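Architecture at a glance
As a plain string of letters, each chain reads:
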Amino acid sequence: MTALTMSGGKTSILPRRSGFFGLMSDTFWRRPKLLLFLMLTPPLLWLGIIYIGSLIALLLQSFFSIDDFSGLVNYEFTLSTYAQLLSPTNFDIIIRTVVMAALVTVASALIAFPIAYYAARYAHGKWKALFYLGVMLPLWSSYLVKIYAWKLILAKEGILTWIFEKLHLSWLLDGVLNLPVIGGNSLSVSYLGTFIVFVYVWLPYMILPTQAALERVPGNLIEASADLGATPRQTFRTVLLPLALPGIVAGSIFTFSLTLGDYIIPQIIGSSRLFIGQAVYAQQGTAGNVPLAAAFSVVPIVIMALYLWLAKKQGAFDAL
């Protein structure tokens, strides 16, 4: 076959194709960067205009204020809205949400680690498939269905109360419910119930990155540690945990951020005290105070930006 000379002095063994689509195909073949540019432009426009643009608009809204007399937004630059976040009521909402997110993250890590370790070290073949199925199956069901199911489980007339009664442990449940701060009339209207549901819903997001990190830990390192006389506790502390830490931190990004911004679980299961998500919803929808709602929304963004920076230093993104 005769070689044909192309533009730029290059040669091609194929003749140019006719028609619009043929010409376009030849152009993309000769200029792959043009094809890459056209493929990336729509998602980048979506990210830049819709997502980042909305965040910038949100940030700008937080620097406005609400007129106490007319209830209208005063479009003048001010930091008074952020000063309102430091009032006892609003600051208590922020602290309550951050503490809950931290506790959910720690509890998820403690529960996820042994499950992930067993799956990484001992589960093979059909057992590993069963592990992935068991972890992923809760994610396939409706978010709201799971929460309302837990509402029924944790209710005063729910199955959990019935189990405690059958085991003659009602005194233990009543004692927990009588504890200050975390207790309530029932688990379904208490911080403890909110905590339990948060851990259940976000636990798969901690298990999978931890299991992935543990699978990358060479088994000969653990064997070498034992050969050098290290106890299982020393092996865990000096070998296994440091190597698995990026996976745990990666999972904590999900559990911490999702708890930080969730407002549905505290709305359905929990007390009347607000979390950040509920405060944003209340200020935006009920009170009509858009600047304060925007200021509340900036808080988890700033917290997660700092958290992601620390997570990156721990190598968490390599485990995602």
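This structure is a prediction, so every number in the text was calculated from the model and none was measured.

**Quick notes on the overall build of the protein**
On a plain count of helices and strands, the protein comes out with 14 helices and four strands. The C-alpha atoms of the protein give a radius of gyration of 27 Å, which is well past the 20 Å a tight globule of 320 residues would have. In terms of overall dimensions, the protein has C-alpha extents of about 90 × 75 × 40 Å along its principal axes. Counting only residues that meet the buried cut, the protein has 35% of its 320 residues in that class. A sequence separation of at least 24 residues applies to 67% of the contacts in the protein between residues at least 6 apart. When the accessible surface of the protein is totalled, it reaches about 19600 Å², and 71% of it is carbon and sulfur. In the protein, which carries 20 positive and 13 negative side-chain charges, the distance between the mean positions of the two groups comes to 14 Å.

**Here we look at the side chain of Q211**
Here Q211 is to be found in helix α9 (residues 191-215). Once residues lying within four places of it in the same chain are set aside, the contact partners of Q211 are A116, A119, A120, K128, F131 and Y132.

**A short note on the pattern of salt bridges**
Enumeration over the complete set of coordinates arrives at two salt bridges. Salt-bridge contacts for R96 lead to D92; the nearest nitrogen and oxygen are separated by 2.2 Å. You can see R96 and its partner D92 sitting in helix α4 (residues 88-121), four residues apart, about one turn around the helix. One salt bridge connects K128 with E215, and the closest N-O pair in it is separated by 2.4 Å. Taken together, the positions of K128 in helix α5 (residues 126-140) and E215 in helix α9 put the pair 87 residues apart, joining distant regions of the chain.

**Quick word on the packing of α4 against α9**
The contact between α4 and α9 brings their axes to 6 Å, and the two run at 45°. The angle between α4 and α9 places the two elements in the oblique class. As for how α4 packs across α9, the hand of that crossing is right-handed. Considered class by class, the residues forming the contact of α4 with α9 number 22 nonpolar, five polar and three charged.

**What about a nonpolar patch on the surface?**
Taken together, the side chains of L36, L40, L44, L47, Y51, I52, L55, I56, L60 and I301 present a nonpolar region at the surface, about 910 Å² in accessible area. In terms of residues, the nonpolar patch owes the most to one element, helix α2 (residues 32-62), which gives nine residues. Within the secondary structure layout, L60 lies in helix α2. The exposure class of L60 is partly exposed, given its relative accessible area of 48%.

**As for the UniProt feature "transmembrane region" (unreviewed entry) in the protein**
Per the UniProt annotation, the sites labelled "transmembrane region" (unreviewed entry) are residues 34-60, 93-118, 130-150, 189-208, 243-265 and 290-310. Helix makes up 100% of residues 93-118 and strand 0%, with an end-to-end C-alpha separation of 38 Å.

**Some words on the domain arrangement of the protein**
Once the domains are mapped, the protein shows domain 1 (25-74) and domain 2 (85-314). Spacing between the C-alpha centres of domain 1 and domain 2 amounts to 31 Å. At the interface, nine residues of domain 1 touch nine residues of domain 2. Buried area between domain 1 and domain 2, both sides added, is near 630 Å², and the carbon and sulfur share of it is 83%. For the pair domain 1 and domain 2, the number of links is zero salt bridges. One can count zero residue pairs in polar contact (both at pLDDT 80 or more) joining domain 1 with domain 2.

Conventions used here
- Along each chain, the written sequence defines residue order, and numbers are assigned to residues from 1.
- In view of the model being predicted, local features appear only for residues whose pLDDT reaches at least 70, and side-chain atom pairs are presented and counted only at 80 or more, with totals across whole chains, interfaces and linings using the full set of residues.
- Side-chain metrics in this entry use all non-hydrogen atoms of the structure; hydrogen atoms and water are not considered.
- Numbered from the N terminus, helices here are DSSP runs of H or I no shorter than four residues, and strands are runs of E no shorter than two.
- Computation of the radius of gyration draws on C-alpha atoms, with the globule rule given as 2.2 Å multiplied by the number of residues to the power 0.38.
- Buried means the residue's accessible area, taken with a 1.4 Å probe over protein chains only, is under 20% of the maximum for its type, while exposed means over 50%, and partly exposed covers the values in between.
- Note on definitions: a residue-residue contact is assigned when non-hydrogen atoms from the two residues lie within 4.5 Å.
- Note on areas: these come from Shrake-Rupley sampling with a 1.4 Å probe, and a residue is covered only by the protein chains present in the view.
- Think of it this way: Lys and Arg go in the positive column, Asp and Glu in the negative one, and His and the chain ends go nowhere.
- By convention, the point assigned to a charge is CZ for Arg, NZ for Lys, CD for Glu and CG for Asp.
- Criterion for a salt bridge: a side-chain nitrogen of Lys or Arg within 4 Å of a carboxyl oxygen of Asp or Glu.
- The axes used here are C-alpha line fits, helices contributing only the stretch in contact, and every angle between their N-to-C directions lies in the interval 0 to 180 degrees.
- Our angle categories are set so that under 35 degrees counts as roughly parallel, over 145 as roughly antiparallel, 65 to 115 as roughly perpendicular, and the remainder as oblique.
- Should the near helix be turned anticlockwise from the far one by less than a right angle, the crossing is left-handed, and should it be turned clockwise, the crossing is right-handed.
- Polarity classes work like this: nonpolar for Ala, Val, Leu, Ile, Met, Phe, Trp, Tyr, Cys and Pro, charged for Asp, Glu, Lys and Arg, and polar for all others, with Gly in that last group.
- In this analysis, a patch consists of residues with relative accessible area above 30% that form no salt bridge, clustered at 9 Å for like charges and at 5 Å for the nonpolar side chains Val, Leu, Ile, Met, Phe, Trp and Tyr.
- UniProt positions are given in the numbering used here, feature names are shortened, and annotations may be inferred rather than shown by experiment.
- An automatic or database domain assignment supplies the start and end points of every domain.
- Here the buried area means the combined drop in accessible surface, using a 1.4 Å probe, for two parts upon being joined, counting both sides.
- For the purposes of these results, a polar contact is taken to be a pair of N or O atoms within 3.5 Å, where, inside protein, one atom must be able to donate a hydrogen and its partner to accept one; residues adjacent in sequence count only when each atom of the pair is a side-chain atom.

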